Amino acid sequence: MPASASRSSEARRRRIVAAAFLLPALVLLGALVVHPIGYSVYRSFFDRSGDTFVGGGNYQEILHDDTIRTALKNTALWVVLAPTTATALGLIFAVLTERVRWGTAFKLLVFMPMAISMLAAGIIFRLVYDHDPDRGVANAVWVGVHDTFAESSAFPKARPGRDSPLVPAAGAAAGGFTTRDPVRAGVPVLLPLVGVAPEDLPEGTRTARAAPADPGKVTGTAWQDFTRGGGGRTNGVDPTESGFAGMRIEAVKDGRVVDSATARADGTFTLSAKADGALLRLPASNFREAYAGVEWLGPTLVTPAVIGAYVWMWAGFAMVLIGAGLAAVPRELLEAARVDGANEWQVFRRVTVPLLAPVLAVVLVTLVINVMKIFDLVFVIAPGSVQDDANVLALQLYRTSFGTDADPGLGSAIAVLLLALVVPVMLYNIRRLRKEGSR
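No experiment lies behind these values; they were computed from the predicted model shown.

Undergrad: Provide a residue-level description of the pairing of strand 8 (residues 279-282), including the pertinent values.
TA: Pairing between strand 2 (residues 177-179) and strand 8: 2 bridges, direction antiparallel. Across the sheet, residue Phe 177 finds its bridge partner in strand 8, namely Leu 282. Pairing geometry for strand 5 (residues 248-253) and strand 8, over 3 bridges, is antiparallel. Bridging from a neighbouring strand, Glu 250 pairs with Arg 281 of strand 8.

The following block contains the structure:
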C-alpha cells in the first residue's frame, strides 16, 4: 500500500476515534444546551398558548412593560455595581493581608461565605436587614449609633387625657403641649398625661408624688395619669401611678423660654420664680417618635441592600484569585519602584494594579456573567411588597414563565434577551483567553 494512502487511512481512523470520544459530550451539549436555546428562540415568536405566531410581539412587550423595564434597569445596576465592588474589595483585601501574619486566617474568614448557598445567604440577610432593631443587625447598629448622638424620647405616644389642664401647642412649638392657664409660684402644677405603656417608661421611674408647695418657686408633677386595673382619680396623683422621669418642662412668657427643668424619677419638678405667670410647655422633643432605623428592604434601598449581600459572598472569591495573581508578581519590580522613590500608593497604582490587570479582568468578567443570572438572593431577600422594585431579568423570567399568570412566549423572549446580553461578555472572555494562550 502506498505511503500516502496509509497516512490517509491513519488520519481517517484518528478522526473516527476522536469523533467517538466527542460524541457523548456533543449529544449532551445538544440535548442540554443547543436544543433548549433553539426551542426558546422558536417559542418566543408565539403567544401564551403557543398556537398563534406573533412574530416580534413578545419582544415589543419587553420594551413596553414597566415591570420588565424595571428588571432591565436593576440588572444594569447589578452589572455596574456588584462586580466592581466585589473586585475592588477583593483587591484591597489581597494587598492588605499580604504582609500580615494573620493574613491567612483573615482570608479564610472572608472566603467562608462562598461555602454558603445563595438560599442560606438570602435567609441570613433577610434577618440582617429586618426593620425591627431588636431582630435586624443592620438596624440595631444604625439605631445604636443614632441614639448615641440624638437620644429618642421615652414618651412618643403620651397625650393629655380627659379634662386635662394641657392643650396641644400651636405654631413653632407644634407637637408639644402647654398649660391652659399661666402658673403661679407657691401653687403646685399638675401635668397629667396618658398613653405610655408601663413597660415603656424609662429606667429608674418611681411612683408619682404630688409636689409640695414652695412660696418662691413653681413646683409640679408630670406623671402617667392611669391606674392599672381601673379606679383612680382623673387629673389627680394616685398611689400606684408612675412619674415621667426625664420629662422636659419649659416656662414660656411672651413666646420666650424663661426657665426650664427636668422631671425627677417621681415626676416632680421645680422652676424658679421666673416662671411665675408663665405658661408651662412640654416641648415636642418629649414626644418624638423613637428612631426606628433605615428601611433597608424598602422600595428605595432594596436593590443596594441585596447587592451588599452578594458582595459579602463574592468578595472572598475575588480576593483568593487576586491573591494568587499577586503571589506571582515579581518582587524585584516592586522593590525597584521603591528604590526609585515611589511611595506605597504609587507602587500599588502604577506597578501592582497593571501587573494584576489580567487577573482583575478574569474576576470582573466572571462576576459580570454571574450577576446577569442572579435570582436566588433577590427572590429570598426582597419582601413580596417590594419585589417589583428589586426585580431583575432572571427573576422576571421565572415569574413570567412559571407564575400564576404564566406566559411561556414572553418568558422565552426574556430568556433570549438574557442570553443576548450574556453572549458579548462570553465572547470577550474567549478572545482574551485566546490572546493569552497565543503568547
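And the narrative resumes.
Undergrad: I'd like a rundown of the sheet that holds strand 2, residues and numbers included.
TA: Judged by pairing direction, the sheet is antiparallel, and its 5 strands sit side by side in the order 1-2-8-5-6 without closing on themselves. On the outer flanks of this sheet lie strand 1 (166-168) and strand 6 (256-262), each paired with one strand and no other. Across the sheet, the axes of successive neighbouring strands diverge by a mean angle of 30°, strand direction being ignored. Where strand 5 lies against strand 6, 6 bridges are found, and the strand directions are antiparallel. Bridging from a neighbouring strand, Ala 251 pairs with Asp 259 of strand 6.

Undergrad: Can you lay out helix 5 (residues 118-128) for me, pointing to particular residues and giving the numbers?
TA: Of the residues making up helix 5, those classed as buried are Met 118, Ala 121, Gly 122, Phe 125 and Val 128. Looking down the long axis of helix 5, one finds its buried residues gathered within 120° of arc, a one-sided arrangement. Buried residues belonging to helix 5 abut helix 6 (137-149), helix 7 (302-327) and helix 11 (376-381).

Undergrad: Go over the packing of helix 3 (residues 66-96) against helix 7, please, and point to the residues and values.
TA: Relative to each other, helix 3 and helix 7 sit at 40°, their axes nearing to 6 Å. Put simply, helix 3 runs oblique to helix 7. Viewed along their axes, helix 3 and helix 7 form a crossing whose handedness is right-handed. Residue composition of the contact of helix 3 with helix 7, grouped by class: 20 nonpolar, 6 polar and no charged.

Undergrad: Explain the packing of aromatic side chains to me, and be specific about the residues and the numbers.
TA: This model, assessed by the stated rule, comprises 21 aromatic pairs. Relative to Tyr 59, the ring of Phe 45 has its centre 6.0 Å away and its plane inclined at 50°; by these criteria the two rings are tilted. Here Tyr 59 lies in helix 2 (residues 57-64) and Phe 45 lies in the loop between helix 1 (3-43) and helix 2, a separation of 14 residues in the sequence. The exposure class of Phe 45 is partly exposed, given its relative accessible area of 29%. Classification of Tyr 59 as partly exposed rests on a relative accessible area of 24%. The interplanar angle of 20° and the centroid separation of 5.8 Å between the aromatic rings of Tyr 310 and Trp 314 together place this pair among those described as stacked. Here Tyr 310 pairs with Trp 314, and both are found in helix 7, just 4 residues apart, close to one helical turn. A residue is classified by how much of its surface remains accessible, and Trp 314, at 12% relative accessible area, is buried. One aromatic cluster in this structure is built from Tyr 39, Tyr 42, Phe 45, Phe 46, Phe 53 and Tyr 59.

Rules used throughout
Residues numbered from 1 in each chain as written. Predicted model: local features only at pLDDT ≥ 70, side-chain atom pairs only at ≥ 80, totals over all residues. Heavy atoms only, no water. Pairing = 2+ DSSP bridges. Helix = DSSP H or I, 4+ residues; strand = E, 2+ residues; numbered from the N terminus. Axes fitted to C-alpha atoms, helices over the stretch in contact; angles between N-to-C directions. Buried < 20%, exposed > 50% of the residue type's maximum accessible area, 1.4 Å probe, protein only. Arc of directions from axis to C-beta. Contact = heavy atoms within 4.5 Å. Parallel < 35°, antiparallel > 145°, perpendicular 65-115°, else oblique. Left-handed = near helix turned anticlockwise from the far one by under 90°. Nonpolar A, V, L, I, M, F, W, Y, C, P; charged D, E, K, R; others polar. Phe/Tyr/Trp six-rings, centres within 6.5 Å; stacked < 30°, edge-to-face > 60°.

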